[in-house]
Amino acid sequence: MSIKLPIDIRAIKGFLASSEGAALHHLAAEASALGACLEVGSYCGKSTIYIASACKLVDGIVFAVDHHRGSEEHQPGEEYHDPELFDEHARLMDSFRTFRRNIRTAQLEDWVVPLVASSAIAARHWNTPLGLVFIDGGHSLEAAMTDYRCWARHIVPGGYLAIHDIFPDPADGGQAPYDIYKLALASGQFELVEMVDTLGILRRIC
Ligand SMILES: C[S@@+](CC[C@H](N)C(=O)[O-])C[C@H]1O[C@@H](n2cnc3c(N)ncnc32)[C@H](O)[C@@H]1O
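Residues numbered from 1 in each chain as written. Predicted model: local features only at pLDDT ≥ 70, side-chain atom pairs only at ≥ 80, totals over all residues. Heavy atoms only, no water.

The side chains of a regular strand alternate, first on one face of the sheet and then on the other. Counting buried positions along strand S7 (residues 155–163) gives 7 out of 9 residues, so the element sits mostly inside the fold. Where strand S6 (residues 130–135) and S7 come together, 5 bridges link them in parallel fashion. Note on S7: the bridge partner recorded for Val133 is Leu161. Once you follow S6 into helix H5 (residues 141–151) and on to S7, the crossover reads as right-handed. Relative to strand S9 (residues 199–204), S7 runs antiparallel, the two being bridged by 4 bridges. Paired with Leu161 across the bridge in S9 is Leu202. (Buried < 20%, exposed > 50% of the residue type's maximum accessible area, 1.4 Å probe, protein only. Helix = DSSP H or I, 4+ residues; strand = E, 2+ residues; numbered from the N terminus. Pairing = 2+ DSSP bridges. Right-handed = clockwise from strand over helix to strand, strands pointing away.)

Shown next as structure tokens:
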């Protein structure tokens with residue numbers, strides 16, 4: 001099923017294939033009936049726009065968690081560093097200005113709650129049931145495990161856990177997202193719904 005987005009999504013910097021974005025959009029539309037949506041790792045808002053444009057259709061909401069200081073691979077000298085997102089004054093990465101501009105341009109501000117904080121801090125007093133959790137934050141094992149432990153427990157039965165960058169073959173990419181994907185399945189609390197490119201989609205069964 002094709003989807004209609006409020007902006008030319010190709011113009012938004014990011015790391016999501018259009019097939020993965022469309023899958024997130026459909027999941028968000030369905031999951032919003034169960035609870036709020038939450039993503040860890042918004043960057044410039046590509047995944048946020050896919051999710052929020054579905055929230056707009058069904059009167060849902062997406063909490064967009066990102067400290068906006070970049071992951072390991074976004075830091076100066078690393079493979080995915082983007083000098084346009086570097087705050088020379090603070091000498092730190094800062095994707096928040098671009099994120100905010102993109103959400104505004106897409107006219108999605110009423111369906112997005114940015115949480116500019118690290119995942120662990122944002123989760124500290126979290127008490128809201130979630131219909132969809134999308135994990136696309138830091139890709140170290142520690143960061144991915146923190147994201148899984150902080151957020152998966154808030155997903156209501158029937159709700160979805162989507163994890164980006166699943167690479168069963170280590171030759172294709174880092175293993176931390178795949179490790180938490182396997183952990184979720186091994187917990188007995190989640191079942192596999194489908195894989196869309198590198199997006200693993202799980203459903204909470206209990
Ligand atoms: C791969 S990018 C997200 C890409 C985005 N989902 C998209 O569609 O383009 C990862 C993001 O996670 C954020 N991040 C990394 N570790 C984090 C943490 N511990 N807490 C919050 N955000 C984090 C980074 O700042 C970065 O913006």
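Let us keep going from here.
One open sheet accounts for 7 strands, arranged S5-S2-S1-S6-S7-S9-S8; its pairing is mixed. The open sheet terminates on both sides in strands that have one partner only, identified here as strand S5 (112–115) and strand S8 (190–196). When strand polarity is set aside, the average angle formed by the axes of neighbouring strands in this sheet is 20°. (Axes fitted to C-alpha atoms, helices over the stretch in contact; angles between N-to-C directions.)

When the charged atoms of two side chains lie near each other, side chains of opposite charge can form a pair. If you walk through the whole model with that rule in mind, you get 7 salt bridges. Via salt bridges that share partners, Lys13, Asp82 and Glu84 belong to a single interconnected network. (Salt bridge = Lys/Arg side-chain N within 4 Å of Asp/Glu carboxyl O.)

Here the focus is the packing of aromatic side chains. Scanning the model with the defined rule gives 6 aromatic pairs in all. When the centroid spacing of 5.2 Å and the interplanar angle of 75° are considered together, the rings of Trp126 and Trp151 count as edge-to-face. Of this pair, Trp126 sits in the loop between helix H4 (119–123) and S6 while Trp151 sits in helix H5, and the two are 25 residues apart along the sequence. Neither residue differs from the other here; Trp126 and Trp151 are each classed as buried. Grouping aromatic residues by their ring pairs yields a cluster made of Phe15, Tyr43 and Tyr80. (Phe/Tyr/Trp six-rings, centres within 6.5 Å; stacked < 30°, edge-to-face > 60°.)

To continue, consider helix H2 (residues 46–58). Look at H2: 19 Å from first C-alpha to last across 13 residues, which is about the 18 Å you get at 1.5 Å a residue. H2 sits mainly inside the fold: 10 of its 13 residues count as buried. Buried residues of H2: Lys46, Ser47, Thr48, Ile49, Tyr50, Ile51, Ala52, Ser53, Ala54 and Cys55, and no others. Close packing links the buried residues of H2 with helix H1 (18–31), strand S1 (36–40), strand S2 (62–65), helix H3 (96–105), S5 and S6. (Expected span 1.5 Å × (residues − 1). Contact = heavy atoms within 4.5 Å.)

What follows concerns the nonpolar core. By size, the foremost hydrophobic cluster in this structure holds 36 residues, and its most contacted members are Ile49, Ile51, Leu108, Val112, Leu132 and Leu199. Excluding residues within four positions of it along the chain, Ile51 makes contact with Leu24, Ala28, Cys37, Glu39, Val62 and Phe134. (Core = buried A, V, L, I, M, F, W, Y, C linked by side-chain atoms within 4.5 Å.)

Another aspect to go through is the side chain of His154. Counting through the fold element by element, His154 comes out in the loop between H5 and S7. When near neighbours in sequence (up to four residues on either side) are disregarded, His154 contacts Trp126, Thr128, Pro129 and Leu130.

Near the ligand there are 21 residues, and of these Gly41, Ser47, Asp66, Ser119 and Asp136 occur at the shortest range. Between Gly41 and the ligand, the recorded distance is 2.8 Å, taken from a backbone N or O atom to a nitrogen atom. In this structure, a nitrogen atom belonging to the ligand sits 3.5 Å away from a main-chain N or O atom of His67. Coverage of the ligand by the protein amounts to 94% of the 600 Å² it exposes when considered alone. Considered class by class, the residues forming the shell around the ligand number 4 nonpolar, 13 polar and 4 charged. (Near = heavy atom within 4 Å. Polar contact = N/O pair within 3.5 Å; in protein donor to acceptor, adjacent residues only side chain to side chain. Areas by Shrake-Rupley, 256 points an atom, 1.4 Å probe, with all protein chains shown as cover. Nonpolar A, V, L, I, M, F, W, Y, C, P; charged D, E, K, R; others polar.)

Below, the discussion takes up the packing of H5 against helix H6 (residues 176–186). Two numbers describe how H5 lies on H6: the axes approach to 8 Å, and their chain directions differ by 35°. Taken as a pair, H5 and H6 cross one another with a handedness that is right-handed. Contacts from Leu141, Ala144, Met145 and Tyr148 of H5 reach H6 at Ala176, Asp179, Ile180, Leu183 and Ala184. When grouped by side-chain class, the residues that make up the contact of H5 with H6 number 8 nonpolar, no polar and 1 charged. (Left-handed = near helix turned anticlockwise from the far one by under 90°.)

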